[in-house]
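# Residue-level structural notes
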Amino acid sequence: MMFKEQIDALRVSFTEELAAARTKEMLEAVRVAYLGKKGPVNDLMKGLRDMTPEERKEAGQLVNTFKGEAETAINEKGRVLEQEALESAIRSAKKFNPTLPSSEDRGSYHPITLIARDVEEIFTTMGFTVEDYVEVTDDYHCFEALNIPKHHPARDMQDTYYIENGQLLKTHTSAAQNHIMKKYGAPLRAIFPGRCFRNEAIDACHENTFFQMEGMMIDKDISISNLIYFMKTMLSAVFGEELMVRLRPGFFPFTEPGFELDISCTICKGRGCPSCKNTGWLELCPCGMIHPNVLREGGIDPEVYTGFAFGLGMTRLAMMKYGVKDIRDFNSGNLRALSQFENE
Ligand code: FA5
């Protein structure tokens, strides 16, 4: 066969094989087959040595032209294949395949969500509404409306995060009391869960971000015995057992009188154990009768109405109910610790 015919035949078979290459690997095989050391192009090059100078000039041009064409075609095909692979990856990523088996990993409710739902359910069956309140509020709602005037020493109890515009992150859910009194007037029964922020040194039972559940009941003739009844009913329902509660005096500028409410220790049933420091009691919920100044500031006449309020530490309640020893687990995002609540 003449040299030119050989090149033409090579061009035909190369074009066919190149068109059949659907992957990078197939393309590389075509390149090695035609342009590799043992390929026909190299053989033809070697053959040039035995030709006369005139023949060599013409044949050399033919083989070099083919070699150049083949290299360009291979590079171009490589780019096309790469683009196709990318588009196919994008297509398959976007495709939702409902026939694939589902993942074994299931999400779970956060223990604070579970405990908040428990408490909300119990109070709503007793006629309370569940209210929402902001996390960023102002000095008036967090302190002044609660009978804590500027420079009052009680403000030292809560290290507050202030914002540059003068607002602050609420340090307790009591910050919503005034807003809710003005919204509904008396009589009212409301609970309001919320996230609170305090500039605390963090340890196993103190966080700078934690949850409280505030409750407020205002009506004619509300007394401390109403407060005890509602707290006892709620806590017995949360723990699923009859609990004893007791009140000790406590001081809050927004209550008169104020109390610390203890429950009988759920671990030793009141007999005394290390968890309750052998007292048989656990401190759980500050509360009290709403101070007349706070009612008045909320637009409610303290000569006609009285009421109680409580500020349950929900994060601590969740620790007790679920036996979580370190409060930091709640905000840690540790899925192994949190996933144990999934079947609750
Ligand atoms: C208050 O915040 C009052 N507003 C509660 C109140 C409401 C009293 C209505 C009377 C009437 P105190 O600062 O004690 O009170 O906090 C209440 C509960 O929040 C505590 O018992 C505790 O369970 C929880 N708590 C307070 N600080 C932290 C903290 N740093 N980390 C986790 N829980 C906390």
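Look up: the structure comes first, before these words.
Definitions and cut-offs
Along every chain, residues carry numbers that run from 1 in the direction the sequence is written. Where local features are concerned, this predicted model is filtered to residues with pLDDT of at least 70; where side-chain atom pairs are given and counted, the filter is 80 or more; whole-chain, interface and lining totals use all residues. Here the side-chain values reflect all heavy atoms present in the structure, with hydrogen atoms and water set aside. Under the DSSP-based scheme used, a helix requires at least four consecutive residues in state H or I and a strand at least two consecutive residues in state E, with every element numbered from the N terminus. The globule rule is 2.2 Å times the number of residues to the power 0.38, and the radius of gyration it is compared with is taken over C-alpha atoms. For the exposure calls, accessible area comes from a 1.4 Å probe over protein chains only, and a residue counts as buried if that area is under 20% of its type's maximum, exposed if over 50%, partly exposed in between. Any two residues whose heavy atoms approach within 4.5 Å are treated as being in contact. Take the number of residues in a helix, subtract one, and multiply by 1.5 Å to get its expected span. An axis is simply a line fitted to the C-alpha atoms; with a helix, the fit covers only the stretch in contact. Between two such axes, the angle follows the N-to-C directions and lies from 0 to 180 degrees. Roughly parallel here means an angle under 35 degrees, roughly antiparallel means over 145, roughly perpendicular means 65 to 115, and every remaining angle is called oblique. Working rule for handedness: look at the near helix, and if it is turned counterclockwise from the far one by less than a right angle, call the crossing left-handed; if clockwise, right-handed. The residue classification treats Ala, Val, Leu, Ile, Met, Phe, Trp, Tyr, Cys and Pro as nonpolar and Asp, Glu, Lys and Arg as charged. All others, Gly included, are polar. The rule for pairing is simple: two strands pair if DSSP sees at least two bridges between them. Each Phe, Tyr or Trp ring, with Trp reduced to its six-membered ring, pairs with another whose centre is within 6.5 Å; inter-plane angles below 30 degrees give stacked pairs, above 60 give edge-to-face pairs, and intermediate values give tilted ones. Two conditions define a charge located above a ring, namely a distance within 6 Å from the ring centre to NZ of Lys or CZ of Arg, and an angle within 35 degrees of the ring normal. We define proximity as follows: a residue is near a molecule or strand when any one of its heavy atoms falls within 4 Å of that partner. Any pair of nitrogen or oxygen atoms within 3.5 Å is treated as a polar contact; in protein, a donor-acceptor pairing is required on top of that, and neighbouring residues in sequence qualify only through side-chain atoms on both sides. Calculation of accessible area relied on Shrake-Rupley with a 1.4 Å probe; when residues are assessed, cover is drawn exclusively from the protein chains displayed. Using only the protein atoms, space was sampled on a 1 Å grid; points where a 1.4 Å probe fits but cannot get out form cavities, open sets with protein on both sides within 12 Å along at least five of seven lines form pockets, and lining residues are those with an atom within 4 Å of a point. Cavities and pockets are treated as containing a molecule whenever more than half of the molecule's atoms lie within 2 Å of their grid points.

Here we come to the overall build of the protein chain. Check the secondary structure of the protein chain and you find twelve helices and nine strands. What you see for the protein chain is a C-alpha radius of gyration of 39 Å, clearly larger than the 20 Å of a compact globule of 344 residues, by over 25%. Across its three principal axes, the protein chain shows a C-alpha extent of roughly 125 × 50 × 35 Å. The proportion of buried residues among the 344 residues of the protein chain is 41%. In the protein chain, the proportion of contacts linking residues at least 24 apart, taken out of those at least 6 apart, comes to 66%.

This brings us to helix α5 (residues 111–125). Look at α5: 22 Å from first C-alpha to last across 15 residues, which is about the 21 Å you get at 1.5 Å a residue. Residues of α5 that are buried include every one of P111, I112, L114, I115, A116, V119, I122 and F123, and no others. Following α5 by one or two positions, G127 adopts a phi angle in the positive range, close to 90°.

In contact at an axis separation of 9 Å, helix α1 (residues 3–20) and helix α2 (residues 24–35) are set at 165° when each is read in the N-to-C sense. On the basis of the axis angle, α1 is roughly antiparallel to α2. Between α1 and α2 the crossing geometry is right-handed. Where α1 abuts α2, its residues L10, S13, F14, E17, L18 and A20 lie against M26, L27, V30 and Y34. Taken together, the residues of the contact of α1 with α2 break down into eight nonpolar, one polar and one charged.

A separate point is the pairing of strand β7 (residues 255–264). The buried count for β7 comes to eight of ten residues, which makes it a mostly enclosed element. As defined by bridge partners, strand β6 (residues 245–250) adjoins β7 across six bridges and the pair is classed as antiparallel. Bridging across to β7, L247 finds its partner in L261. In sequence, β6 turns back onto β7 through a hairpin of four residues. Bridge analysis of β7 against strand β8 (residues 281–290) gives eight bridges, and the strand direction is antiparallel. Considered in β8, the bridge of L261 is made with C285.

For the structure on display, the rule yields eight aromatic pairs. Summarising the aromatic geometry, the rings of F123 and F310 are spaced 5.5 Å apart at their centres and angled 25° between planes, so their arrangement reads as stacked. Residue F123 is located in helix α5, and its partner F310 is located in strand β9 (residues 306–313); the two are separated by 187 residues in the primary sequence. Looking at F123, the relative accessible area reads 0%, which means it is buried. Each ring, one from F252 and one from F254, has its centre 5.7 Å from the other, and the planes form 40°; the classification is tilted. An aromatic cluster is built from F123, F128, Y229, F230, F308 and F310, whose rings are joined through pairwise contacts. R117 extends its terminal NZ or CZ atom over the ring of Y109, reaching a point 4.4 Å from the ring centre.

Let's shift gears to the site of the ligand. Around the ligand sit 23 residues in total, of which H172, S174, R198, E207 and Q212 are the nearest. Taking S174, its side chain carries an N or O atom lying 2.8 Å from a nitrogen atom of the ligand. With respect to the ligand, the side chain of R198 contributes an N or O atom lying 2.9 Å from an oxygen atom. For the ligand, whose free accessible area comes to 680 Å², the fraction covered by protein is 91%. Because more than half of its atoms lie within 2 Å of the grid, the ligand is assigned to the largest pocket.

The sheet built from seven strands is open, its strands ordered β1-β4-β5-β9-β8-β7-β6 with mixed pairing. Lying at the two open borders of the sheet, with one neighbouring strand each, are β1 (129–130) and β6. Bridge count between strand β4 (residues 188–197) and strand β5 (residues 209–219): ten bridges; the pairing is antiparallel. Counterpart to A190 in the pairing with β5 is M216. Here helix α7 (residues 177–184) sits on the sheet in contact with β4, β5, β8 and β9, set at roughly 150° to β4.

One can find T160 in the loop between α6 (139–142) and β3 (168–169). Those residues within four positions of T160 in sequence are excluded, and the remaining contacts are F143, L168, L169 and T171.

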